[in-house]
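Structural description and commentary
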Amino acid sequence: NGVLGLCARLGTDPQRGLTNPVPDWSARVAQFGENLFEEKKLTPYWSYLVTQLKEKIILLLLFMATLEIVVKGIFGEGMERQEAIAESSVLYATVTIIVNIAAYLDWKRE
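Values in this document were obtained by computation on a predicted structure and should not be read as measured data.

Between two packed helices, the angle of one axis relative to the other and the distance separating the axes together describe the packing. Axis separation between helix α3 (residues 45–53) and helix α5 (residues 79–109) bottoms out at 8 Å; the angle between their running directions is 130 degrees. By the angle between their directions, the pair α3 and α5 is classed as oblique. The crossing of α3 and α5 is right-handed. The segment α3 lies against α5, with Tyr-45, Tyr-48, Leu-49, Gln-52 and Leu-53 engaging Val-99, Asn-100, Ala-102, Ala-103, Tyr-104, Asp-106 and Trp-107. Looking at the contact of α3 with α5 residue by residue, the class counts come to nine nonpolar, two polar and one charged.

Below is the structure:
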């Protein structure tokens, strides 16, 4: 019995495997099914981006950058307005980089 018995029942050689071509291929597929892995549907990258954008710290950074533009844009004068746009732009760029790195790492893990 054991491995040799199983090989005899399956009609295969334990050292060389099946012959090529396999004469009873259709019968084997009908009995045992195809030798394939089930394909897993991959989650799209944009879905990971959305998940990252829902993080509270990311939302807070975006809110603060937007608030700075709005407040200093309305109440600021000259240089303050330019600084608000520059500082907010840096925050937006940083958030974009962080979100994409985190989404990419999650995507690669899948």
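Before going further, it helps to spend a moment on unusual backbone geometry. The general pattern is negative phi for most residues beyond glycine and trans for most peptide bonds. Across the junction of Asn-20 and Pro-21, the peptide omega takes the value 0 degrees, indicating a cis bond. Mapped onto the elements of the fold, Pro-21 is located in the loop between α1 (2–10) and α2 (25–32).

This part is about the pattern of salt bridges. Applying the stated criterion across every chain yields a total of four salt bridges. The salt bridge involving Arg-16 is made with Asp-13; its shortest N-O contact spans 3.9 Å. For the salt bridge of Arg-109 with Asp-106, the shortest nitrogen-to-oxygen distance reads 3.0 Å. Of this pair, Arg-109 and Asp-106 both sit in helix α5, three residues apart, which is roughly one turn of that helix. A relative accessible area of 63% places Arg-109 in the exposed class.

Within this model, the largest pocket holds a volume of roughly 210 Å³. Lining the largest pocket are Leu-10, Thr-12, Leu-18, Trp-25, Arg-28, Val-29, Phe-32, Gly-33, Glu-34 and Asn-35. Tallying contributions element by element places α2 first for the lining of the largest pocket, with four residues. Its residues placed into classes, the lining of the largest pocket shows five nonpolar, three polar and two charged.

The rules behind the values
- Residues numbered from 1 in each chain as written.
- Predicted model: local features only at pLDDT ≥ 70, side-chain atom pairs only at ≥ 80, totals over all residues.
- Heavy atoms only, no water.
- Axes fitted to C-alpha atoms, helices over the stretch in contact; angles between N-to-C directions.
- Helix = DSSP H or I, 4+ residues; strand = E, 2+ residues; numbered from the N terminus.
- Parallel < 35°, antiparallel > 145°, perpendicular 65-115°, else oblique.
- Left-handed = near helix turned anticlockwise from the far one by under 90°.
- Contact = heavy atoms within 4.5 Å.
- Nonpolar A, V, L, I, M, F, W, Y, C, P; charged D, E, K, R; others polar.
- Salt bridge = Lys/Arg side-chain N within 4 Å of Asp/Glu carboxyl O.
- Buried < 20%, exposed > 50% of the residue type's maximum accessible area, 1.4 Å probe, protein only.
- 1 Å grid on protein atoms, 1.4 Å probe; cavity = no way out; pocket = protein on both sides within 12 Å on 5 of 7 lines; lining within 4 Å.
- Points joined across faces, edges and corners; volume = space filled by probe spheres on them.

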